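Overview (structure and organization)
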Amino acid sequence: IKLLNHFEIKTPMTSYHEYNKIDKAYVLINKMREGQNIALITDAGTPGISDPGEELAAMCCEAGIEVTSLPGPAAVITALTLSGMPARRFTFEGFLSVNKKSRRDHLLSLKNETRTMIFYEAPHKLKATLADMLETFGGERQITAAREITKKYEEYIRTTLEGAVEHFENNPPKGEFVLIIKGADPEEIKEKHRADLPDAETVILKLINDGMKGKELSRTASEILGISKNEAYSLYLKIKAE
């Protein structure tokens, strides 16, 4: 609005937000069908990224209306490039649910995610979100908490999840946040998987007692133990010989 006023642009404006996004979208689509051009502008971030503009763009595409985009700053990319985290592969998860169970379920689904993870978060939810992340990913997991990107009070806090929880206990969160979490270490996941596997000999003995043998036993043991069929068959022969 300040820019429009500064340049004395008098083009009519209307509000478009989370609570009117569907009904207003139909109104706007009808105007475009009548030949009008409409620009969707946001006061923060990028339209369509964790933003009701996503629905408007989708409904325009569905209605056969041409949609174009003018590149601009996107908090998700800006924060990632300055986070110090691996940026070649990442997953953008947007805002987590305000519902505690849904939020925790979402995070649990990412527990073994090896890509860099990026979240948006509001200041009043930040401490609860960080506490759940600490519980899910562990206190040593690296995080960059970025706030007020490209604005006067821009700040990047690079620490661990344990450090982030402590920091915001002593410094009340202000401004909108982007949270960049380092992905899980693939080797640690493999080691944990191996540690969680049942004892191979116990599994194969049970399968033998269940009447399995040969290829059927090797295939089943391979699936249970996470080893190759050849390894499972070698163990089977060794146990039989003993």
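See the structure printed just above.
Everything numeric here is computed off the predicted structure, so don't read it as measured data. (Residues numbered from 1 in each chain as written. Predicted model: local features only at pLDDT ≥ 70, side-chain atom pairs only at ≥ 80, totals over all residues. Heavy atoms only, no water.)

**Comments concerning helix α2 (residues 21-33)**
The terminal C-alpha atoms of α2, which comprises 13 residues, lie 18 Å apart, in line with the 18 Å expected from a rise of 1.5 Å per residue. Along α2, the residues classified as buried are Lys21, Lys24, Ala25, Leu28, Ile29 and Met32. All buried residues of α2 fall inside an arc of 140 degrees around its axis, so they share one side. Exposed residues on α2 whose side chains face more than 90 degrees from its buried face are Asp23 and Arg33. If you follow the buried residues of α2, they end up packed against α3 (53-62). Remark: glycine 35 follows α2 within two positions and exhibits a positive phi of approximately 110 degrees. (Helix = DSSP H or I, 4+ residues; strand = E, 2+ residues; numbered from the N terminus. Expected span 1.5 Å × (residues − 1). Buried < 20%, exposed > 50% of the residue type's maximum accessible area, 1.4 Å probe, protein only. Arc of directions from axis to C-beta. Contact = heavy atoms within 4.5 Å.)

**Quick look at the pattern of salt bridges**
As enumerated under the stated definition, the model contains 10 salt bridges in all. Its salt-bridge partner being glutamate 113, residue arginine 115 comes within 2.9 Å of it at the nearest N-O pair. With relative accessibility at 28%, the residue arginine 115 sits in the partly exposed group. Residue glutamate 113 is classed as buried on the basis of its relative accessible area, which comes to 15%. As a salt-bridge pair, glutamate 121 and lysine 125 come within 3.1 Å of each other at their nearest N and O atoms. Taking relative accessible area as the criterion, glutamate 121 reaches 1% and is therefore assigned buried. (Salt bridge = Lys/Arg side-chain N within 4 Å of Asp/Glu carboxyl O.)

**Observations concerning unusual backbone geometry**
In this structure, serine 50 is a non-glycine residue whose phi angle is positive, near 50 degrees. Tracing the chain through its elements places serine 50 in the loop between α2 and α3. On the basis of relative accessibility, which here comes to 35%, the residue serine 50 falls in the partly exposed class. At glutamate 148, a position not held by glycine, the phi torsion is positive, near 50 degrees. Structurally, glutamate 148 can be placed in the loop between β3 (142-147) and β4 (155-160). Exposure remark for glutamate 148: the relative accessible area of 18% places this residue in the buried category.

**So, a nonpolar patch on the surface**
A cluster of nonpolar side chains, Leu3, Phe7 and Ile9, forms an exposed patch at the surface whose accessible area comes to about 330 Å². With respect to the helices, strands and loops of the structure, isoleucine 9 is situated in the loop between α1 (2-6) and α2. The exposure class of isoleucine 9 is partly exposed, given its relative accessible area of 39%. (Patch = residues over 30% accessible without salt bridge, like charges linked within 9 Å, V, L, I, M, F, W, Y side chains within 5 Å. Areas by Shrake-Rupley, 256 points an atom, 1.4 Å probe, with all protein chains shown as cover.)

**Focus on the pairing of β3**
Within β3, 5 of the 6 residues are buried, which leaves the element mostly enclosed by the surrounding structure. Relative to β4, β3 runs antiparallel, the two being bridged by 6 bridges. Paired with threonine 144 across the two strands is arginine 158, which belongs to β4. Note: β3 against strand β5 (residues 177-181), 5 bridges, orientation antiparallel. Directly across from alanine 145, in β5, lies its bridge partner leucine 179. (Pairing = 2+ DSSP bridges.)

**Things to note about the packing of aromatic side chains**
Enumeration according to the criterion identifies 4 aromatic pairs in this entry. With a centroid separation of 4.9 Å and an interplanar angle of 70 degrees, the aromatic rings of phenylalanine 92 and tyrosine 120 are classed as edge-to-face. With phenylalanine 92 in strand β1 (residues 90-95) and tyrosine 120 in strand β2 (residues 116-121), this residue pair connects regions lying 28 residues apart in the sequence. Exposure remark for phenylalanine 92: the relative accessible area of 30% places this residue in the partly exposed category. Assessed through its relative accessible area of 10%, tyrosine 120 is described here as buried. Here a set of aromatic residues connected by ring pairs shows up, and it is made of Phe92, Phe95 and Tyr120. (Phe/Tyr/Trp six-rings, centres within 6.5 Å; stacked < 30°, edge-to-face > 60°.)

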